[in-house]
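Remarks on the overall topology
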Amino acid sequence: MKDVNIYLGNGIKGPQARDGYVIYILEYITAKGPVTRTEVIEVEKISCHRAELFVLSKALERLKEKCNLNIYTESSYLTMGFPDWVKKWTENGWRNSHGTEVKNRDLWQQLTELLTGNKYEFHIKETHSYSAWIQSELERRKKNV
């Protein structure tokens, strides 16, 4: 299995749906060194939680084979979902502890499919070599919205 690092950036802050940008960087580890693929995506009327799920799904869709993944994110919502919440939701027919349908169910299910067969580990709020670039790119684009 190939080793791939995924770095996520989210320019959407707060629970209210708004316009903005999300970023992912795929870093493939090769014998010759890392190779990166980056995408900045403009999103409209989306909450911060939905944006985090969306940007990870876009990154995972680019993978052509199953990999060993290190996923770097600022989102505790995302990291708490896998595997604990998703396992409980699946067992409960995609109902939360209050008995209501899980918010963002479509993206949680899509991510569950995309992650199946991969080995993955989440790293939350860790500084990495792309942290400063992601933040500056989100700020630059925010000024142009």
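A short tour of the structure in this document, coming up. (Residues numbered from 1 in each chain as written. Predicted model: local features only at pLDDT ≥ 70, side-chain atom pairs only at ≥ 80, totals over all residues. Heavy atoms only, no water.)

**Observations concerning the pattern of salt bridges**
Under the convention used in this document: For this document, the term salt bridge refers to a Lys or Arg side-chain nitrogen within 4 Å of an Asp or Glu carboxyl oxygen. The classification of residues rests on relative accessible area computed with a 1.4 Å probe and restricted to protein chains. Under 20% of the type maximum is buried, over 50% is exposed, and intermediate values are partly exposed. A run of H or I in DSSP counts as a helix once it spans at least four residues, and a run of E counts as a strand once it spans at least two, with each numbered from the N terminus.
Evaluated as defined, the whole model comprises 6 salt bridges. In this structure, the salt-bridge partner of R105 is E101, at a minimum N-O distance of 3.9 Å. Note on R105: relative accessible area 27%, which makes it partly exposed. For R140, the salt bridge goes to E137, with nearest N and O atoms at 2.7 Å. In this pair, R140 and E137 are both assigned in helix 4 (residues 131–143), 3 residues apart and thus about one turn of the helix distant. E137 sits in the buried class, given a relative accessible area of 9%. In this structure, a network of salt bridges that share partners links the residues E137, R140 and R141.

**Considerations on helix 2 (residues 76–91)**
Given 3.6 residues per turn, any residue in an α-helix points the same way as the ones three and four places further on. Put simply, the test is: A helix is expected to reach a length of 1.5 Å times the quantity of its residues less one. Here the bend at a residue means the angle between the axes of two seven-residue stretches, the one that ends at it and the one that starts at it. In what follows, a contact means two residues having at least one pair of non-hydrogen atoms within 4.5 Å. Polar contact is defined as a pair of N or O atoms within 3.5 Å, subject to the rule that within protein one atom must be able to donate a hydrogen and the other to accept it, and that residues adjacent in sequence are counted only when both atoms are side-chain atoms.
The first and last C-alpha atoms of helix 2 sit 22 Å apart over 16 residues, in line with the 22 Å expected at 1.5 Å per residue. Of all the bends found along helix 2, the most pronounced is centred on F82 and spans about 65 degrees, while P83, a proline, follows it within four residues. Turning to helix 2, its buried residues are Y77, L78, T79, G81, F82, V86 and W89. For helix 2, the elements touching its buried residues are strand 1 (2–10), helix 1 (48–61), strand 4 (67–73), helix 3 (105–115) and strand 5 (119–124). Capping the start of helix 2, S75 holds a side-chain oxygen 3.4 Å from the backbone nitrogen of Y77, two or three residues further along.

**Some points on the side chain of H128**
Here H128 is to be found in the loop between strand 5 and helix 4. With residues near it in sequence (within four places) discarded, H128 still touches Y7, Y72 and I134.

**A word on the nonpolar core**
Put simply, the test is: In this description, a nonpolar core means a group of buried Ala, Val, Leu, Ile, Met, Phe, Trp, Tyr and Cys residues linked to one another through side-chain atoms lying within 4.5 Å.
Counting residues in hydrophobic clusters, the biggest one holds 34 residues, and the most contacted among them are I6, L56, L69 and W108. Of all the secondary-structure elements, those providing two or more residues to this core are strand 1, strand 2 (18–30), strand 3 (33–46), helix 1, strand 4, helix 2 and helix 3. A per-element tally of this core places helix 1 first, with 7 residues. Among the nonpolar cores identified, the runner-up in size contains 8 residues, and I25, Y72, I134 and L138 belong to it.

**Focus on helix 4**
Spelled out, the test is: It is the directions from the helix axis to the C-beta atoms whose arc is reported.
For helix 4, built from 13 residues, the straight-helix expectation of 18 Å at 1.5 Å per residue is met to within 8% by its first-to-last C-alpha distance of 19 Å. All buried positions along helix 4 are accounted for by S131, I134, E137 and L138. What you see down the axis of helix 4 is that its buried residues fit within an arc of 140 degrees, all on one side. In helix 4, the exposed positions that point more than 90 degrees away from the buried face belong to A132 and K143.

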